[in-house]
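Each chain is listed here by its residues.
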Amino acid sequence: MSTLQIDPGEFRTELSLQECQTVYDALGGYSENWVETAVLFAKIEPLDAASNFAADQTTETVTHRVYVRWQPGLASGMRFALGERVLEVVTVHDPDETGRYLMCMATEKGA
């Protein structure tokens, strides 16, 4: 397997890594609070855009490949925030098994 070579200057997009914390109430319901766990610099590559029509609404979805330096605890189900934009982490893996970088597949949903 070849070693992934990324120019460190490409990690120029500042992202907030967020994790969902579930807060239960006294009536058996719950609410979700997103808490920032880290601030990371990333390389983001948009891959695909799709428009879906269902329930009399159109929803756009953009898929991104996000490279970050190794971050312990980064897992699917978390999300990246970039200002008002939210990228939901779908998969996380070490592309060259060296423990230097993580590659995340993420989706961004639009209105």
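Definitions and cut-offs
- Residues numbered from 1 in each chain as written.
- Predicted model: local features only at pLDDT ≥ 70, side-chain atom pairs only at ≥ 80, totals over all residues.
- Heavy atoms only, no water.
- Helix = DSSP H or I, 4+ residues; strand = E, 2+ residues; numbered from the N terminus.
- Buried < 20%, exposed > 50% of the residue type's maximum accessible area, 1.4 Å probe, protein only.
- Contact = heavy atoms within 4.5 Å.
- Areas by Shrake-Rupley, 256 points an atom, 1.4 Å probe, with all protein chains shown as cover.
- Lys, Arg positive; Asp, Glu negative; His and termini not counted.
- Charge placed at Lys NZ, Arg CZ, Asp CG, Glu CD.
- Core = buried A, V, L, I, M, F, W, Y, C linked by side-chain atoms within 4.5 Å.
- Phe/Tyr/Trp six-rings, centres within 6.5 Å; stacked < 30°, edge-to-face > 60°.
- Lys NZ or Arg CZ within 6 Å of the ring centre and 35° of its normal.
- Salt bridge = Lys/Arg side-chain N within 4 Å of Asp/Glu carboxyl O.
- Disulfide = S-S within 2.5 Å.

**Some points on the overall build of the protein chain**
Secondary structure summary: the protein chain contains zero helices and six strands in total. Overall, the protein chain is about 50 × 35 × 25 Å in size when its C-alpha atoms are taken along their principal axes. Counting only residues that meet the buried cut, the protein chain has 29% of its 111 residues in that class. Taking all contacts inside the protein chain whose residues are at least 6 apart in sequence as the whole, residues at least 24 apart take part in 51%. Accessible surface computed for the protein chain: about 7,100 Å², of which carbon and sulfur atoms make up 50%. Put simply, the protein chain has 8 plus and 17 minus side-chain charges, and the middle of one group is 7 Å from the middle of the other.

**Regarding the nonpolar core**
One finds L17, L40, V66, V68, L74, F80 and C104 to be the most contacted residues of the largest nonpolar core, which totals 15 residues. Only β1 (13-24), β2 (30-54), β3 (57-69), β5 (85-93) and β6 (101-109) provide two or more residues apiece to this core. Sequence-distant contacts of V68, that is, excluding residues within four places in its chain, are made with F11, L40, F41, A42, L74, R100, Y101 and L102.

**A short note on the packing of aromatic side chains**
In this structure the tally under the stated criterion is two aromatic pairs. Taken together, a centroid distance of 6.1 Å and an interplanar angle of 55° make the contact between Y24 and Y30 tilted. In terms of burial, Y24 and Y30 fall into one category: exposed. Stacked on the ring of F11, the Lys or Arg R69 has its end atom at 5.1 Å from the ring centre.

**A closer look at the pattern of salt bridges**
Taken as a whole and assessed by the stated rule, the structure comprises five salt bridges. With a shortest N-O distance of 3.0 Å, K43 and E10 are connected by a salt bridge. Placement of the pair is K43 in strand β2 and E10 in the segment before β1, with a sequence separation of 33 residues. K43 sits in the buried class, given a relative accessible area of 16%. Where K43 meets E45, a salt bridge forms, and the shortest distance between an N and an O atom there is 3.3 Å. Judged by its relative accessible area of 23%, E45 is partly exposed. Here the salt bridges share partners, and the residues they tie into one network are E10, K43, E45 and R65.

**Focus on the state of the cysteines**
Evaluated as defined, the whole model comprises zero disulfides. Here C104 stays free of any disulfide, with the sulfur of C20 as its closest cysteine sulfur at 17 Å.

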